[in-house]
Amino acid sequence: METDFSQADLSGSNFSGSELSGTVFDQTNLEKADFREAVNYRIDPERNKIKGARFDLEGLPGLLGKWGIRVG
C-alpha cells in the first residue's frame, strides 16, 4: 500500500492478491507482471508498459478509470 514504483522495472513481478491502494505506477515497466486477485490499483496503460501483464476481469476498473469507463 502507498508505495511509489515510478520508473521502476517490475517486469515479471507477482502482485497477485496484493492490496495496492495509494500505490503509484508511473513510467513503470510492468510487462508480464501478475495482478490477478490484486485490489485497489490504478494503472495508466498509456504511462506504463503492461504488455503481457495478467489481470482479472474485476481489475478492469483499475485500468480503465482514467477514461471514465465503468465496468459492471
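Residues numbered from 1 in each chain as written. Predicted model: local features only at pLDDT ≥ 70, side-chain atom pairs only at ≥ 80, totals over all residues. Heavy atoms only, no water.

**Q** How would you summarise the pattern of salt bridges if you had to cite specific residues and measurements?
**A** Going through the model one piece at a time under the given rule, you end up with 4 salt bridges. For Arg-47, the salt bridge goes to Asp-26, with nearest N and O atoms at 2.6 Å. Of this pair, Arg-47 sits in the segment before helix H1 (60-64) while Asp-26 sits in the segment before H1, placing them 21 residues apart in sequence. On the basis of relative accessible area, Arg-47 is assigned to the partly exposed category, the value being 40%. Residue Asp-26 is classed as partly exposed on the basis of its relative accessible area, which comes to 23%. (Salt bridge = Lys/Arg side-chain N within 4 Å of Asp/Glu carboxyl O. Helix = DSSP H or I, 4+ residues; strand = E, 2+ residues; numbered from the N terminus. Buried < 20%, exposed > 50% of the residue type's maximum accessible area, 1.4 Å probe, protein only.)

**Q** Give a detailed account of the packing of aromatic side chains, specifying residues and quantitative values.
**A** Here the distance between the centres and the angle between the planes together describe a pair of aromatic rings. For the coordinates displayed, the defined rule picks out 8 aromatic pairs. Ring geometry for Phe-5 against Phe-25: centres 5.6 Å apart, planes inclined by 25 degrees, an arrangement best described as stacked. Of this pair, Phe-5 sits in the segment before H1 while Phe-25 sits in the segment before H1, and the two are 20 residues apart along the sequence. By relative accessible area, Phe-25 is classed as buried at 6%. (Phe/Tyr/Trp six-rings, centres within 6.5 Å; stacked < 30°, edge-to-face > 60°.)

**Q** Describe the side chain of Thr-23, and please don't skip the residues or the numbers.
**A** If you trace the backbone, Thr-23 turns up in the segment before H1. Excluding its chain neighbours within four sequence positions, the residues that come into contact with Thr-23 are Met-1, Glu-2, Thr-3 and Phe-5. (Contact = heavy atoms within 4.5 Å.)

**Q** Please give an account of the environment of Trp-67 that cites residues and values.
**A** On the secondary structure map, Trp-67 appears in the segment after H1. For the pair Trp-67 and Asn-14, spaced 53 residues apart in sequence, the C-alpha to C-alpha distance is 26 Å. Aside from chain neighbours lying at most four places away, what touches Trp-67 is Pro-45 and Glu-46.

**Q** An account of the environment of Leu-57 is needed here, citing residue identities and associated values.
**A** Within the secondary structure, Leu-57 is located in the segment before H1. Distance in space between the C-alpha atoms of Leu-57 and Val-71 is 9.1 Å, their sequence separation being 14 residues.

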